[in-house]
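Spelled out, the chains give:
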Amino acid sequence: MSKNLENEYKEYIRTETPDMWERIEKSLPEREAVWEEKQEAGDKRAEKSKSRQKNNEVRGRKRTAKFYARIGGSLAAAILVLVVAAPVLKNQLFSGGQSKSNSESSFTMNAADEACEEAVQTAGSTGSMAEVQDTDGVEGFEEAQEAFDEAVKDEPEQEAGAEVNAEEAAESPKEAVSEIGLVSLELTISRIEENEAGEAVYFAESETGESCSFVLAEDAFVEEEILQEGGILQGKRYAVELEKGEEGYRAVAVRKK
Amino acid sequence: MAAVRLRTKQERTKDNRRFTKTEKREDVEEGQFVQAVERMKAGDKQGLKEIYQAYIGYIYSIVYQIIQNKENAEDVTSEFFLRLWERAGQYKTESGGHRGYLAAIARNMSIDFLRKSGREQLVDTGEEDVEPDDKTAGRLSVEQEVIEELSMQEALERLEVKEREIVHLKIMGELTFREIAGILHMPMGTVTWKYKNALEKLRRCGYHE
């Protein structure tokens, strides 16, 4: 006579489980006291971190203002150089084919030299400014990067992986296609075995009689209906998307046929 | 095999997300659990007692399956409920079903316990160390054994440790294969396969689904 697994199992668990409520209840007051102490300590810590956060905010605002002021300064200097140098250089270019007096040309040359010198000096000063600004920029970037990292940290790992893949694909589309390249087959599962890693290895045959084996990828998509039937079953036919890895095929999607 | 470029990993991820959404069952007891947690937050022991009464068997078995010692399993289970009381405020309804949440905490606490008591290897090196003959016995039972009626305990002894864990989470926790795979850190295909094997072994011992 067969017995109902679910009912029998639940009954078995019920009889096997000791009663621990009294013991737990006794420990609760002690825990409450400890918990209150912890909470107080936590509150103090929270206050400290709040004031620290405020200080950081003020410091951050000051730094941003400083950063924009420096950018503005260097931009103004660059514009000034362009305004001074452009007409002189223009003159020099257009006067190249025309005959001019020595004095005129020497004046132009001198003016150009001066302009160049000025440009170089200004460039030098903006360069040093840029250096200062750069170091600040690096700091700013690092801060931004930290903030971004924090924001991204909460996103699911899979998505992050997908983004990386997308980046890789953008860099070398051909390689990405071959890496992503999947095989879609209708397979009949002939047997299922366990490998050394404790994973289920599915041995299957295609319509044309070719045989292969695969394991399920961790993020594999398995159709709801298959799960309701108790998973991938021996003797059943499925539409399987296989991805070739270093250790053989991995199924990335399994659907009912 | 003709290679055809199909969906990218991003598309698959999307698919999986859609799938996970549709897979989530409407758990009527989730509301009761949340209410009990709310009461616990307000310092009402009755909230904890309700959760204790509903899940003591579920939790104790998860712990015992890992620790394999009654006294220690009782200690860890008590500690589990005390921690649940202390951290009631940390429970988030959107984090998934509460049964999976409870199972994950119980498992982690049990593994931590083993780690602290220097018995980590016992768990990590696999079930073979815990019950060396179980695996072989299990395989034999499927292939050779004639159908016989056994007590539930005897029948469960024929299962591998992981198979027992999966059966427990499936029956007592009513978890989906995906949730179980997440808790046990195993591929979903392996979970479904082991569950099917376990059912087959239990069927041969006189227990039907």
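Above this text sits the structure in question.
Residues numbered from 1 in each chain as written. Chains lettered and ligands numbered in written order. Predicted model: local features only at pLDDT ≥ 70, side-chain atom pairs only at ≥ 80, totals over all residues. Heavy atoms only, no water.

Let us now look at the overall build of chain B. In terms of helices and strands, chain B carries 12 helices and one strand. When its helices and strands are written in sequence order, chain B yields α-α-α-α-α-α-α-α-α-α-α-α-β. Taken over 209 residues, chain B has a buried fraction of 51%. Within chain B, contacts between residues at least 6 apart in sequence are counted, and of these 69% link residues at least 24 apart. As displayed, chain B offers around 10,100 Å² of accessible surface, 48% of which is attributable to carbon and sulfur atoms. (Helix = DSSP H or I, 4+ residues; strand = E, 2+ residues; numbered from the N terminus. Buried < 20%, exposed > 50% of the residue type's maximum accessible area, 1.4 Å probe, protein only. Contact = heavy atoms within 4.5 Å. Areas by Shrake-Rupley, 256 points an atom, 1.4 Å probe, with all protein chains shown as cover.)

Time to look at the environment of Leu-159 of chain B. With respect to the secondary-structure elements, Leu-159 of chain B resides in the loop between α9 (152-157) and α10 (161-171). Sequence-wise, Leu-159 of chain B and Ala-198 of chain B are 39 residues apart; in three dimensions their C-alpha atoms are separated by 6.3 Å.

Before going further, it helps to examine the pairing of strand β5 (residues 237-245) of chain A. Each regular strand shows side chains that alternate between the opposite faces of the sheet. All names here are of chain A. In terms of strand pairing, strand β2 (residues 182-194) meets β5 through seven bridges, oriented antiparallel. Note on β5: the bridge partner recorded for Leu-185 is Val-240. Where β5 lies against strand β6 (residues 248-256), eight bridges are found, and the strand directions are antiparallel. Paired with Tyr-238 across the strands is Lys-256, a residue of β6. Counted between consecutive antiparallel strands, the loop separating β5 from β6 contains two residues. (Pairing = 2+ DSSP bridges.)

Here the focus is α10 of chain B. Of all 11 residues making up α10 of chain B, 10 are buried, and the element is well covered by its neighbours. When α10 of chain B is considered as a whole, its buried residues turn out to be Val-161, Lys-162, Glu-163, Arg-164, Glu-165, Ile-166, Val-167, His-168, Leu-169 and Ile-171 of chain B.

A separate point is the side chain of Glu-163 of chain B. Residue and element names in this part refer to chain B. Examined against the element boundaries, Glu-163 turns out to sit in helix α10. A polar contact of 3.0 Å, which involves the side chain of Glu-163, links it to the backbone nitrogen of Glu-160. In this structure Glu-163 touches Lys-194, Asn-197, Ala-198 and Lys-201, once residues within four positions along its chain are discounted. (Polar contact = N/O pair within 3.5 Å; in protein donor to acceptor, adjacent residues only side chain to side chain.)

Turning our eyes to something else, we now look at the packing of helix α3 (residues 45-67) of chain B against helix α5 (residues 98-116) of chain B. Residue and element names in this part refer to chain B. Direction vectors running N to C along α3 and α5 enclose 35 degrees, while the axes themselves pass 9 Å from each other. The interaxial crossing formed by α3 with α5 has right-handed handedness. Side by side, α3 and α5 meet where Tyr-55, Tyr-58, Ile-59, Ile-62, Val-63, Ile-66 and Ile-67 of the first sit next to His-98, Arg-99, Gly-100, Leu-102, Ala-103, Ala-106, Arg-107, Ser-110, Ile-111, Phe-113 and Leu-114 of the second. Across the contact of α3 with α5, the residue classes tally to 13 nonpolar, three polar and two charged. (Axes fitted to C-alpha atoms, helices over the stretch in contact; angles between N-to-C directions. Left-handed = near helix turned anticlockwise from the far one by under 90°. Nonpolar A, V, L, I, M, F, W, Y, C, P; charged D, E, K, R; others polar.)

A few words now on a nonpolar patch on the surface. All names here are of chain A. Taken together, the side chains of Ile-79, Leu-80, Val-83 and Val-84 define a hydrophobic patch exposed on the protein surface, amounting to about 360 Å² of accessible area. By secondary structure assignment, the location of Leu-80 is in helix α2 (residues 21-94). Judged by its relative accessible area of 54%, Leu-80 is exposed. (Patch = residues over 30% accessible without salt bridge, like charges linked within 9 Å, V, L, I, M, F, W, Y side chains within 5 Å. Salt bridge = Lys/Arg side-chain N within 4 Å of Asp/Glu carboxyl O.)

Moving on, we come to the pattern of salt bridges. Per the stated rule, a full pass over the model turns up 23 salt bridges over all chains. The residue Glu-57 of chain A makes a salt bridge to Arg-61 of chain A at a minimum N-O spacing of 4.0 Å. One end of the pair is Glu-57 of chain A and the other is Arg-61 of chain A, both in helix α2 and four residues apart, which spans about a single turn. What makes Arg-61 of chain A exposed here is its relative accessible area of 56%. The partner of Glu-165 of chain B in a salt bridge is Lys-162 of chain B, and the shortest N-O contact between them spans 3.6 Å. In this pair, Glu-165 of chain B and Lys-162 of chain B are both assigned in helix α10, three residues apart and thus about one turn of the helix distant. Each member of the pair, Glu-165 of chain B as well as Lys-162 of chain B, carries the same accessibility label: buried. Counted as one network, the salt bridges with shared partners bring together Arg-23 of chain A together with Glu-74 and Asp-75 of chain B.

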